[in-house]
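Examination of the molecular architecture
This is what each chain is made of:
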Amino acid sequence: MPISTFVTPRRLMASSLLGLGLAAGLPAQALPIDECIAPADPGGGWDFTCRSVGKLLHELDLVDGNVQVTNMPGGVGAVAFSNVAGKRADDSNLIVATSTVGMTQIAQGRYPGDADTMRWLGMLGTDVGVILVDDDSPYQTLDQLLEAIVAAPTSVVMSGSSGAGGWDHIRALMLAKAAGLPGDRIGALRWVQFDGGGPAVTQMMGGHVDAVSTDLGEIAGFIESGDVRVLAVLSDEPLPEPFAELPTAVSQGYDVTGYNWRGFYTGGEVSDEDYASMVDTLHTLYESDEWKEVAAQNGLVPLWRGGDAFSDFVRESIDNVEAISREIGVIQ
Amino acid sequence: MDILDFLVHGFAVALQPEHLLLALIGCTVGTLVGALPGLGPVNGVALMIPLAFNFGLAPTAALILLVSVYYGCMYGGRISSIVLNIPGDEPAMMTTLDGYPMARAGRGGEALGLSAVASFAGATIATIGLTLFAPLLVKVAIRFGPAEYFALFMLAFATIGGVTSGSFTKSFIAACLGLLLGTVGIDPVSSVARYTFGWYELYDGIDYLVALIGLFAISECLLFLERDQRQDAAPVRLGSAAPGMRRSLDCASSIGRGSLIGFIAGVLPGAGASLGSFLSYSLEKRRWGAEGDFGRGDPRGVAAPEAGNNAAAGGALIPMLSLGIPGSGTTAILLALLLSMNITPGPLLFEQQPDMVWGLVAALFIGNVMLLVLNIPLVGLFAKVLQAPSWFLMPMVVLVAFVGIYSLNNSPFDLYMMLAFGVLGYVLRKLEIPTVPVVLGLLLGGQMEFNLRRALSITGGDWSILWSSGISIGIYAFAATLLCAGLIYALLVKRRLG
Amino acid sequence: MSEASPIHHAALGDRIAGAVLALLALGAWWHSHTFVTGFMQPVGPGVFPRLVSVPLGVLSLYLIARPGINQRWPEKAALVRQLGMLLLLGCYAVVLEPLGFVPATLVATVLLMRLFGARWRQALPYGALLGLSLYLLFEFALGIPLPDTPGWSG
């Protein structure tokens, strides 16, 4: 559902006057980004990315008026991707939230287009994968869970917010593979997709699935309340507080990491000049203390890549995921 | 502190003049938006969010405003159902079945008054439930896994046969048609486009609002145009709301049952207000059987679904606040609002933000009373609207619906689609095939399919999971009983008619 | 409309509807086999449409065999008015974006009121009033942006 903006004339005037005042002091004032498409329903990671960034852009006066957040769910971002490619390729007021999940879809050929269809603006931070079980689950450690999976792949039902072959699933499969599950038995693992990390965790609390693989940011509340037990976080190093106690998979002898960065793209026909100024706007946002604070509250590690460096990184990510998907058997 | 202390504290928050004023604004705007066909609670809440930001409201104040709009919409949706036979939003669909016949018989005021009291009772019961049992209910709700949800949807479709006055066969045909239409679009599990035939506009599926407005509003206008216009029917007289308020005492048991069923449906994420009002209506109809006059203006057919949909709206707040899972489109928007204010609903919300939560609960109680009081003068206002000549009234309804649908996606394609559904609705009504099951199939089909596929992913394709828990067996048994009762009842009626 | 008296022996409508719906069910069944089942999915995207199209097909055949009651179909004059409304609204949807909201709506309201039986001297002022109030309601009170008229920035 689209959410419309309401801009009172007075506010519009005030902010454009402010813009005039600043124009003298700042180089090429950024173009007004006025819409952010979250290619999912409210509540998930992409929606959060759009809403928090949209709100900060407004509060830091990096844009005129409000940034309208449009939820456009469907096909794990495919609907939004084809909409922007088809109808709004040159709209320089528009940003679209994406993440490693979107790269996985591109790598597996599930979007109508490839990395060259869009212009990649930048990433602002990264979320990290977690493997969770219920607090009264028989699995106390990652070793126990993975041993059970290797011994009898059909005995453990795992779930997450992505579909079979999506990023949450791939991370779980990478762990199973690292634990020694032979490639031809990977297809026997059970995977259930829910509408998001939160619903997956509550279904696990109800005893319908055994373990969840998802992003930390989406379910941080359940970790703090003690309803779930974290068997592993998929980062290279232990996380900063308040999650410093959580064990990494690496420290338990499984060389598996799985981040989920948060970033934005815009249409492929946006001019170089507009593109550069949008990248600048996002970089200014990234540099602010407010963003660092919002990121920390939501379990994101602030991390910046922008412009051409980000475009290269996107292509590299897609190649990586494609290689992993091929290795695991998601794509032939 | 126990619940009572929290609640007293909550009232102290909600009774601040600023919050009272916001609740009043929210209730009024909500009722009006809800009454306009094509604009529902999702629009009402969505358009208030930027307003809340622009005034720089504190989280509690903003939430009070938005929840008042939400409750107001649930009240308002019934008005056009009763007065025009066009539901203001999808949960109010069931109210057309008996509300409109009452209005045609000159008892519109009574229906409006009765439904206001039923809405009030439903919402109040749900709010009390939210206050007392939220943590307990969450524990019950998480027992519902994919297989149990699938059973719940089967229950809804098993009871569909007896809902409208038409034949069993035709009701089930309509439901299957709705379910089939619901599969159009990109399949969320496999990203495969189904029945889109290369039309990009269909990728996101058929919007149920587009279908609802087409099937009800446009087809109503087409039917209207059949009449000879020189002898325009005498304007419908609404009558006073007072008898309806008294009537609600007679319907107290219907209201009670409707509230309970609606509340349960609301607490289960993904079931929502439409299922709540639908089940309330169909079970109430089964309860009375041949004694009732359902479909021809039975007051209980107005009381039960209205209590049900308002109770479901209240119930849906429970999973949203305590698990962070939205149970409906509207609670999804409320959730988004909370998130953008850096409040993450979840198991710790009641402990971390007691001011906010209990202020909200108190605001719900206050908003309810306000809505009931507001509704008495509003009946008079809507009576005035109805006195307008039909050459003004009908174009107004069509155009409000038109612009409302256009504003969903700014897409003319939705408008063509709405006209196509209008023609479909007209033909179905001529064939005496009910349109309610079509919308219901479209609304619930996606979740029904998704849960079926989830259940089968858990077992790796073994269908026995569908009937392997006590909850799902119980639901199927209940559904089978109702289905048999309905079939036998239909046979008896047929025999009696000769 | 519910008060219109049903004709009890008009089975033809039901038979045609049954045939159309049975064909639809058959088409849906057949087409669902083109949906590719993805990686590690025990239930593919074609299963649910097939599950639904079976009862739809069976019930449609039953409807052909045992048709029920239909309502009276419209007279010719009414049919012309109904087609007029669909045509008018269809054209309105087509010109809404190219012409902009205000001019397209003003024409649509006036013509629609004529269609619903208003005289010109009623339709013109009230049509204009309705069109403009809709514009004010949506654009300003509800804050929903409507298409602008090209070359006319307001």
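Residues numbered from 1 in each chain as written. Chains lettered and ligands numbered in written order. Predicted model: local features only at pLDDT ≥ 70, side-chain atom pairs only at ≥ 80, totals over all residues.

Some details on the overall build of chain C
Convention followed: Secondary structure follows DSSP: runs of H or I at least 4 residues long count as helices, runs of E at least 2 residues long count as strands, and numbering of each begins at the N terminus. The burial criterion counts other C-beta atoms lying within 10 Å of a residue's C-beta, which is placed from the backbone; the residue is buried at 20 or more, exposed at 12 or fewer, and partly exposed between these limits. Once C-beta atoms have been placed from the backbone, residue pairs whose C-beta atoms lie within 7 Å are recorded as contacts.
Along chain C, the regular secondary structure elements total 5 helices and 0 strands. Going from the N terminus to the C terminus, chain C shows its helices and strands as α-α-α-α-α. Within chain C, buried positions represent 33% of all 154 residues. Across chain C, contacts joining residues at least 24 apart in sequence account for 62% of those joining residues at least 6 apart.

Quick word on the overall build of chain B
Definition in use: Radius of gyration here uses only the C-alpha atoms, and the compact-globule reference equals 2.2 Å multiplied by the residue count raised to the power 0.38.
Secondary structure summary: chain B contains 21 helices and 2 strands in total. For 498 residues, the compact-globule estimate of 2.2 N^0.38 gives 23 Å, and the C-alpha radius of gyration of chain B, at 22 Å, lies within 12% of that figure. Along the longest, intermediate and shortest principal axes, the C-alpha atoms of chain B span 65 × 60 × 50 Å. A buried classification covers 67% of the 498 residues belonging to chain B. Across chain B, the fraction of contacts at a sequence separation of at least 24, relative to all contacts at a separation of at least 6, is 79%.

Observations regarding the packing of helix H5 (residues 95-104) of chain B against helix H6 (residues 108-141) of chain B
Residues and elements named next belong to chain B. Here is the rule we go by: All axes here are fitted lines through C-alpha atoms, helices being fitted over the stretch that makes contact, and every angle between N-to-C directions spans 0 to 180 degrees. The labels follow the angle: roughly parallel below 35 degrees, roughly antiparallel above 145, roughly perpendicular from 65 to 115, and oblique for the rest. Three classes are used, and their members are as follows: Ala, Val, Leu, Ile, Met, Phe, Trp, Tyr, Cys and Pro are nonpolar, Asp, Glu, Lys and Arg are charged, and the others, Gly among them, are polar.
Closest axis-to-axis distance for the H5/H6 pair is 7 Å, and the angle between their directions is 140°. Judged on the interaxial angle alone, H6 and H5 are oblique. Where H5 approaches H6, its residues Thr95, Gly99, Met102 and Ala103 are matched on the opposing element by Gly108, Glu110, Ala111 and Ser115. Each residue belonging to the contact of H5 with H6 can be placed in one class, and the counts come to 3 nonpolar, 4 polar and 1 charged.

Details of the packing of helix H6 (residues 167-178) of chain A against helix H11 (residues 307-328) of chain A
Residue and element names in this part refer to chain A. Heads up, the condition is: In this scheme, a crossing is called left-handed if the near helix is turned counterclockwise away from the far one by less than a right angle; it is called right-handed if the turn is clockwise.
Running from N to C, H6 and H11 point in directions that differ by 55°, and their axes come no closer than 11 Å. Overall, the two elements H6 and H11 adopt an arrangement that is oblique. The chirality of how H6 crosses H11 is left-handed. Contacts between H6 and H11 involve Ile170, Leu173, Met174 and Lys177 on the former and, on the latter, Ile324, Ser325 and Ile328. Of the residues assigned to the contact of H6 with H11, the class counts are 5 nonpolar, 1 polar and 1 charged.

Remarks on the interface of chain B and chain C
Counting from both sides, the interface comprises 52 residues of chain B and, opposite them, 59 residues of chain C. Sort the elements by how many residues they give to the side of chain B that touches chain C and helix H18 (residues 390-409) of chain B lands first, with 12 residues.

Here we look at the nonpolar core
Where we set the bar: Put simply, a nonpolar core is a cluster of buried Ala, Val, Leu, Ile, Met, Phe, Trp, Tyr and Cys residues tied together by C-beta atoms within 7 Å.
In this structure, B:Ile64, B:Leu66, B:Ala156, B:Ile173, B:Cys176, B:Ile213 and B:Val439 are the most contacted members of the largest nonpolar core, which totals 313 residues. In terms of residues, this core owes the most to one element, helix H4 (residues 59-84) of chain B, which gives 17 residues. If we ignore the near neighbours within four places in the chain, the residues touching B:Cys176 are C:Val52, C:Pro55, C:Leu56 and C:Leu59.

A few points about helix H7 (residues 146-158) of chain B
The cut-off we apply is this: Here the expected length of a helix is defined as 1.5 Å per residue gap, with one fewer gap than residues.
With 13 residues, H7(B) extends 18 Å between its outermost C-alpha atoms, agreeing within 8% with the 18 Å of an ideal straight helix rising 1.5 Å per residue. Where H7(B) is concerned, the buried positions are B:Pro146, B:Ala147, B:Glu148, B:Tyr149, B:Phe150, B:Ala151, B:Leu152, B:Phe153, B:Leu155, B:Ala156, B:Phe157 and B:Ala158.

Points about the domain arrangement of chain C
What counts, and what does not: These domain limits were set by an automatic method or by a database of domain assignments.
You can read the domains of chain C as domain 1 (12-65) and domain 2 (76-141). Here the C-alpha centre of domain 2 of chain C lies 39 Å away from the C-alpha centre of domain 1 of chain C.

A closer look at unusual backbone geometry
Of note in this structure, A:Asp61 is not a glycine but carries a positive phi near 55°. One non-glycine residue with positive phi stands out, namely B:Asn85, at about 70°. Structurally, B:Asn85 can be placed in the loop between H4 and H5.

Things to note about helix H2 (residues 17-35) of chain B
The end-to-end C-alpha distance of H2(B), which contains 19 residues, comes to 27 Å, matching closely the 27 Å that a straight helix rising 1.5 Å per residue would cover. Turning to H2(B), its buried residues number three or more, namely B:His19, B:Leu22, B:Ala23, B:Gly26, B:Cys27, B:Val29, B:Gly30, B:Thr31, B:Leu32, B:Val33, B:Gly34 and B:Ala35.

Considering the environment of A:Val256
Residues and elements named next belong to chain A. Mapping valine 256 onto the fold places it in the loop between strand S8 (228-233) and strand S9 (259-267). Of the residues examined, valine 256 has 22 C-beta atoms within 10 Å and is grouped as buried. Taking the C-alpha atoms as reference, valine 256 lies 9.9 Å from alanine 176; in sequence the two are 80 residues apart. Once residues lying within four places of it in the same chain are set aside, the contact partners of valine 256 are Met174, Leu175, Ala178, Leu234 and Ala249.

Observations concerning the confidence of the model for chain C
Note: predicted coordinates in regions of low pLDDT should not be interpreted at a detailed level. Residue and element names in this part refer to chain C. Put simply, the rule reads: Each residue carries a pLDDT score, the predictor's confidence in it, ranging from 0 to 100.
Looking at chain C as a whole, the pLDDT averages 85, with 89% of positions reaching at least 70. Residue range residues 1-6 is modelled with pLDDT below 50. Its contacts to residues more than four positions away, or to other chains, number 8 contacts. ipTM for the predicted complex: 0.91, alongside a pTM of 0.83.

What about the confidence of the model for chain B?
Across chain B, pLDDT averages 82, with 91% of residues at or above 70. Put simply, helix H3 (residues 41-54) of chain B is where chain B has its lowest mean pLDDT, 70, and helix H19 (residues 412-430) of chain B is where it has its highest, 94.

Focus on the environment of A:Arg88
All names here are of chain A. Tracing the backbone through its elements, the reader meets arginine 88 in the loop between helix H3 (78-87) and strand S3 (94-99). Taking the number of C-beta atoms within 10 Å as the measure of exposure, arginine 88 has 18 and is therefore partly exposed. Linking arginine 88 and valine 228, residues 140 residues apart in sequence, is a C-alpha distance of 43 Å. When near neighbours in sequence (up to four residues on either side) are disregarded, arginine 88 contacts Asn83, Leu94 and Gly267.

Things to note about the environment of B:His19
Residue and element names in this part refer to chain B. On the secondary structure map, histidine 19 appears in helix H2. When the C-alpha positions of histidine 19 and leucine 408 are compared, they lie 30 Å apart, and in sequence the two are 389 residues distant. Leave out the neighbours within four places in its chain, and histidine 19 touches Val13, Ala14, Ala61, Ile64 and Ala363.

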